[in-house]
Amino acid sequence: MSLFSNQNQEFTHRHIGPGAQDTQEMLHTIGVTGMEELIGNTVPAAIRMDHDLNLPDGISEAEYLRSLKEISLKNKVFKTYIGQGYYDNNTPSVIQRNLFENPGWYTQYTPYQAEIAQGRLESLLNFQTMVCDLTGLPLANASLLDEASAAAEAMAMFFHTLNKDHEHPTRHRFFVDKDVFPQTIDVVITRALPLHIEVVEGDFKTAVLDETYFGALVQYPNDKGSIEDYRSFITKVHNHGAYVAMATDLLALTLLTPPGELGADVALGNSQRFGVPLGFGGPHAAFFSTTDDFKRQIPGRIIGISVDAQGNRALRMALQTREQHIKREKATSNICTAQALLANMAAMYAVYHGPDGLKDIAKRVALLTQSLGEALKGGGYKVRNAQYFDTVVIDTDNVAHIRARAEKHEINFRYYNNETLGISLDETTTIHDVRTILEVFEINSSALNINKDILHTIPSHLVRTSEFLTQQVFNSHHSETQMMRYLKLLENKDLSLNTSMISLGSCTMKLNAATEMTPLSWAHWGKMHPFAPKSQTEGYQQMCAELEQYLCAITAFDACSLQPNSGAQGEYAGLLTIRNFHEAHGQGHRNVILIPISAHGTNPASAVMAGYKVVVVKALENGYIDVEDLKLKAIQHSGNLAGIMITYPSTYGVYEESVKDITQIVHEHGGQVYMDGANMNAQVGLTAPGLIGADVCHLNLHKTFAIPHGGGGPGMGPICVKQHLAPFLPGHVFDTEGEDANAVSAAPYGSASILLISYAYIKMLGVHGVRKATEYAILNANYMRARLKDDYEILYTGVNGTCAHEFIVDLRPFKKSAEIEAEDIAKRLIDYGFHAPTMSFPVAGTIMIEPTESEDKAELDRFCDALLSIREEIRAVENGTANKTDNPLKNAPHTQSVITADEWNHAYTRQQAAFPLQYVKHNKFWPSVARVNNTYGDRNLICTCEPTEAYMEAEG
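These figures come from a predicted structure and were not determined experimentally.

The rules behind the values
Residues numbered from 1 in each chain as written. Predicted model: local features only at pLDDT ≥ 70, side-chain atom pairs only at ≥ 80, totals over all residues. Heavy atoms only, no water. Helix = DSSP H or I, 4+ residues; strand = E, 2+ residues; numbered from the N terminus. Rg over C-alpha atoms; globule rule 2.2 N^0.38 Å. Buried < 20%, exposed > 50% of the residue type's maximum accessible area, 1.4 Å probe, protein only. Contact = heavy atoms within 4.5 Å. Areas by Shrake-Rupley, 256 points an atom, 1.4 Å probe, with all protein chains shown as cover. Lys, Arg positive; Asp, Glu negative; His and termini not counted. Charge placed at Lys NZ, Arg CZ, Asp CG, Glu CD. Pairing = 2+ DSSP bridges. Axes fitted to C-alpha atoms, helices over the stretch in contact; angles between N-to-C directions. Phe/Tyr/Trp six-rings, centres within 6.5 Å; stacked < 30°, edge-to-face > 60°. Lys NZ or Arg CZ within 6 Å of the ring centre and 35° of its normal. Core = buried A, V, L, I, M, F, W, Y, C linked by side-chain atoms within 4.5 Å. Salt bridge = Lys/Arg side-chain N within 4 Å of Asp/Glu carboxyl O. Polar contact = N/O pair within 3.5 Å; in protein donor to acceptor, adjacent residues only side chain to side chain. Disulfide = S-S within 2.5 Å. Arc of directions from axis to C-beta.

**Student:** Before we go on, may I ask you to explain the overall build of the protein in this structure?
**Tutor:** A tally of regular secondary structure across the protein gives 34 helices and 26 strands. In terms of C-alpha radius of gyration, the protein reaches 28 Å, essentially the compact-globule figure of 30 Å for 956 residues. Overall size of the protein, expressed as C-alpha extent along the three principal axes, is 85 × 70 × 65 Å. When each of the 956 residues of the protein is scored for burial, the buried share is 65%. At a minimum sequence separation of 6, the contacts of the protein that also span at least 24 residues come to 77%. When the accessible surface of the protein is split by element, carbon and sulfur atoms take 47% of a total near 32800 Å². Considering the protein, the positive charge centre built from 78 side chains and the negative charge centre built from 109 side chains are found 1 Å apart.

**Student:** I keep staring at the sheet that holds strand β15 (residues 420-424) and nothing clicks. Help me out?
**Tutor:** Within a beta sheet, neighbouring strands are joined by backbone hydrogen bonds and run either parallel or antiparallel to one another. As summarised here, the arrangement of the 4 strands in space is β11-β12-β15-β14, forming an open sheet in which the pairing is antiparallel. Looking at which strands have only one partner, the edges of the open sheet turn out to be β11 (382-383) and β14 (414-417). Across 2 bridges, the pairing between β11 and strand β12 (residues 391-395) is antiparallel. Paired with V383 across the strands is I394, a residue of β12.

**Student:** Would you take a moment to explain the sheet that holds strand β21 (residues 696-699) for this structure?
**Tutor:** Strand order across the open sheet formed by 7 strands is β16-β22-β21-β20-β19-β17-β18, with mixed pairing between neighbours. Strand pairing shows two members of the sheet lacking a second neighbour, β16 (559-561) and β18 (613-617), which therefore form its edges. Across the sheet, the mean angle from the axis of one strand to that of its neighbour is 25°, orientation sign disregarded. Bridging between strand β17 (residues 592-596) and strand β19 (residues 641-647) involves 3 bridges; their strand directions are parallel. What sits directly across from L594, in β19, is I644. Set on the sheet, helix α22 (residues 602-609) makes contact with β17, β18, β19 and β20 (672-677); between it and β17 the angle comes to about 175°. Along the sheet, helix α24 (residues 659-668) makes contact with β19 and β20, crossing β19 at roughly 165°.

**Student:** How should the pairing of strand β26 (residues 846-849) be read in this particular structure?
**Tutor:** Each regular strand displays side chains that alternate between the two surfaces of the sheet. Burial along β26 is two-sided: the residues T846 and M848 and I847 and I849 are all buried. In terms of strand pairing, strand β24 (residues 807-810) meets β26 through 4 bridges, oriented antiparallel. Bridge assignment links D810 to a residue of β26, and that residue is T846. When strand β25 (residues 838-839) meets β26, the two strands line up antiparallel, connected through 2 bridges. Its bridge partner lying in β26, T838 is registered against M848. Hairpin connection of β25 to β26: 6 residues between the antiparallel strands, including S840 at a positive phi of 60°.

**Student:** Would you mind going over the packing of aromatic side chains with me for this structure?
**Tutor:** Aromatic rings considered in pairs are described by the distance between their centres and by the relative angle of their planes. Tallied over the full model, the rule gives 31 aromatic pairs. With a centroid separation of 6.0 Å and an interplanar angle of 90°, the aromatic rings of F705 and Y761 are classed as edge-to-face. Here F705, found in the loop between β21 and β22 (719-721), pairs with Y761, found in helix α26 (residues 755-788); they are 56 residues apart in sequence, far enough to count as distant. No difference in accessibility class separates F705 from Y761, as the two residues are buried. On the numbers, 5.9 Å between centres and 90° between planes, the contact of F915 with W926 is edge-to-face. With F915 in the loop between α31 (910-914) and α32 (918-922) and W926 in the loop between α32 and α33 (934-939), this residue pair connects regions lying 11 residues apart in the sequence. Taking the relative accessible area as the measure of exposure, F915 reaches 23% and is therefore partly exposed. Ring pairs connect the aromatic residues Y81, Y381, F413, Y415 and F441, which therefore count as one cluster. Sitting above the plane of the Y87 ring, R273 keeps its charged end 3.9 Å from the centroid. Sitting over the ring of W926, K924 keeps its end group 4.8 Å from the ring centre.

**Student:** Help me out: how do you make sense of the nonpolar core in this one?
**Tutor:** The nonpolar side chains of a soluble globular protein tend to be buried with one another. Grouped together as the largest cluster of nonpolar side chains are 233 residues, with contacts concentrated most on M130, F274, L376, F413, I423, F441 and L551. A per-element tally of this core places helix α14 (residues 340-378) first, with 21 residues. With residues up to four places along the chain from it excluded, the contact list for F441 reads L376, Y381, I394, I402, F413, L421 and I423. In this structure, L144, A150, A245 and A286 belong to the second largest nonpolar core, which totals 33 residues.

**Student:** What should I look at first to understand the pattern of salt bridges in this one?
**Tutor:** Should the charged atoms of two oppositely charged side chains come close, the side chains can pair. Throughout the structure, instances matching the rule amount to 46 salt bridges. Put simply, D249 and R273 hold a salt bridge, and the shortest N to O gap is 2.6 Å. A residue pair is termed long-range when its members are at least 10 positions apart, and D249 in the loop between β6 (243-248) and α12 (259-262) and R273 in the loop between β7 (266-270) and β8 (286-290) qualify at 24 residues. Per residue, the accessibility class of D249 equals that of R273, and both read buried.

**Student:** What should I look at first to understand the pairing of β21 in this one?
**Tutor:** Of the two faces of β21, both are covered, the one formed by V696 and H698 as well as the one formed by C697 and L699. Pairing geometry for β20 and β21, over 4 bridges, is parallel. The partner of G677 across the bridge, within β21, is L699. Relative to β22, β21 runs antiparallel, the two being bridged by 3 bridges. Residue V696 lies in a different strand from β22, and its bridge partner there is V721.

**Student:** Looking at this structure, how should I read helix α28 (residues 822-831)?
**Tutor:** An α-helical segment advances 3.6 residues per turn. Residues three or four places apart therefore align on the same side. The element α28 is extensively covered by neighbouring structure, given that 9 of its 10 residues are classed as buried. Along α28, the positions that sit buried rather than exposed are A822, D824, I825, A826, K827, R828, L829, I830 and D831. Contacts from the buried residues of α28 go to α27 (813-818), β25, α29 (857-878), α31 and α32. Note on α28: the residue one or two positions beyond its end, G833, has a positive phi of about 90°.

**Student:** Can you help me understand the environment of T42 in this one?
**Tutor:** Along the polypeptide, T42 turns up in helix α4 (residues 35-42). As a C-alpha pair, T42 and P355 span 313 residues in sequence and 58 Å in three-dimensional space. Once you skip the residues sitting within four places of it in the chain, T42 turns out to touch Y655, I778, N782, T802, C803 and A804. Among the polar contacts made by the side chain of T42, one reaches the side chain of T802 at a distance of 3.0 Å.

**Student:** So what exactly am I meant to see when it comes to the state of the cysteines here?
**Tutor:** According to the stated counting rule, one finds 0 disulfides in the structure shown. The thiol of C560 is not disulfide-bonded; the next cysteine sulfur, from C720, is found 3.8 Å away. Here C803 is not disulfide-linked; the sulfur of C864 is the nearest cysteine sulfur, at 11 Å.

**Student:** Help me out: how do you make sense of α24 in this one?
**Tutor:** Turning to α24, its buried residues number three or more, namely V659, I662, T663, I665 and V666. Considered in projection along α24, the buried side chains sweep an arc of 160° and stay on one side of the axis. Lining the buried residues of α24 we find α23 (627-636), β19, β20 and α25 (689-692). A positive backbone phi angle near 85° is found at G670, which sits one or two residues after α24.

**Student:** Please clarify how unusual backbone geometry should be interpreted in this entry.
**Tutor:** Comment: phi is negative for the bulk of residues other than glycine, and the bulk of peptide bonds are trans. Between Y220 and the following residue, P221, the backbone shows a cis peptide bond with an omega angle of -10°. Following the sequence through the fold, P221 ends up in the loop between β5 (213-220) and α11 (231-239). With omega at 20°, the peptide bond leading from G713 into P714 counts as cis. By secondary structure assignment, the location of P714 is in the loop between β21 and β22. Positive phi is not limited to glycine here, since E442 has a value of about 60°. The topology assignment puts E442 in the loop between α16 (431-440) and α17 (480-491). Look at E442 and you get exposed, because its relative accessible area is 51%.

**Student:** Can you help me understand the environment of H51 in this one?
**Tutor:** Mapping H51 onto the fold places it in the loop between α4 and α5 (61-72). The partly exposed category is assigned to H51, whose relative accessible area is 43%. Along the chain, H51 and I754 lie 703 residues apart, while their C-alpha atoms are 30 Å from each other. A distance of 2.9 Å separates polar atoms of two side chains, one belonging to H51 and the other to D50.

Structure, rendered in structure tokens:
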């Protein structure tokens, strides 16, 4: 390889951890002579790919950034006043630099190990508090995917609450006001159809309701910018025993009476305008708040306050038994990953500005909008809405002329039709901007009068009088120094990939390279509105089209939709394509989905949401799908079989030899094969869903393709399909002139801006690098398996004794031999500086380890050394040299305050507790709390920040 061609491979060597010498040592430990032998022993020959992927060669990081800059300039950054739930804003630089661009914030997983996640847990608690205060409702979750899917979640929650028999609902109608955002209505209809919910659109003022309705949805302020008083409508809905959800705007709620005070049962919306870039549609954190009556039905994660083993305040995810991974086919939502990183940004925006700062921003927006509206009226234009916050709607037969003038000024308005346009102002709008708008309308800017203190466009009976964000945290960090230190304080409490490896099985916590992340901060990607004219978004269109081609090549499929904005949404979208395919061919009665018992909980939850009946397929003792049981159930349900959901390699970390038999059986009985892409990191370049016999799969771009997990989101779950399913991929109202389009996300490309990360990953690794990444993921996992197998039982392996990219360690024997639980080992790993692997999935009492290709041999050895040291600690309990109840595992993790306390009454030393191996002394990570008491937190549910008085009492 020449000096210059070698430069194009530099990213591959930076992304993949082990070097050449380490690779040889690891292969020797495994007991094979080379990589090809390892892959040959691991991946069944019948499904091996016999050709290189149709991908370009890799390029250097510098070359990638140069080429992407050229593509970005094809996006035209106009001054955009489209609104419709998306608004430009000013991301505070202190938040952009110290949170958005900081791997200490964006590389963690969902905070399942609460003791080493107290920073982001506190920030998410701030988010929940902010949402509760602004919406006037007592309970909020820690974010949902987008406003449209949040509305659909509210609908589903109401439906399941009032219809206990979901097969025969007595209340099947859901009212949606005609002035809800069109993209929201589109997603609501998509989600309603499989559940046989009848969506009734109409005018809330004249709606006729009865006991067949279970709920209603309104927008506040609405799609036309009008501020409506919904109190009498809410009373009418409640009188029929139904519920009301109100889609709303957090900035507007600093000035408007909150939904909770109006009587709404749910408030929801997009927190994007709180400092999160537009990003062509995402990622953004939706919010969702409700009454205490729904605390066990609310979708998504909830952060709650509990105590640790020392009695100190500690945060954790509350009420987890209501989540999809526990309830499976009985779940009413498939929400898993949400938008934690963006929720943290929105929360910090509120912390930084405080209640007064937020109100000032809202007043500026409202005052400029009011002044614009008056000037337009004074210029002879008909302003439709009399009461508004940030949006004026103009009826005129001059729309085409105005649009032409606006585009000359590089301005985008919202064009409802040929006779109506809207102008939505935002935080970035200045007096100069408003004068420029008046120039477009050929009105003298001297007509602009902004020297008014009274906002008469906000009705007096809907002016907010209640306080909000009075808690200490929202009134303490308003200088940049204070804010910087608060962000660092929280960051230091969390173990991220910039500390050590996070070997969560089925999660693929690989490197999120800085070059992949950098362009997200560029204005030509971040400042793009999702509904901007296509002539202005050619850069995004090119990037998305190329990424679709790459993903189709990798999966051996023919078509792709990038719209689903999480893995669970990808599952749902994939199942809808199957459903719509069957219906189009007169097979709509096919309503049975087969799902292996080992499947992730989102699989059955998604299937039920798509209107399917779940039939579980057994597993054999070796972890394989029981093919005989599958045959019996395929025959039993042959006439109604819609398909099967499988994961490959299996969730047990094994390439099943029988996978082609499985897909053939399902096809023979008229079903389609859905492949869960959670384990694509063990397929890329070696095999593919299309080769195995699948018809559709979703891809977790936040796993295989390097999008960071963000502490619990964002993620992306695009789907790829065979040609026969392509006509049934999700569409969007933006592309269908308002017609329903089977959309699953609010924006046409979901969380479009983070697609850049996966695009970069493939472009820089290239055809040979992506395959090499898969090979090293398999190498790293098998090296760890080989090092641990003599001291721990490895639960499942393939026919040649190897694992795929992950493997399961059985910890159940230690409960009997030493009364040591899996949780004890997980918490003890924290003392060694590591996040625990995935616990009790897919088998209770086990851990599943997935190292990814990005970890070097030294880090793999440290982790193995930690587990082997822990095995010796267990052995000490087994042979009686350590106390069964007072030992380093039962008391783990050990905090700095415990270790440095004057008293030490344990049967083991402080050194053994805090520094069990030499390497720990060089890079000690201290958990900020001791083991969290989960039961206490659920029994004493508190999901918002304590009031300031609580801190004063504590200090006293």
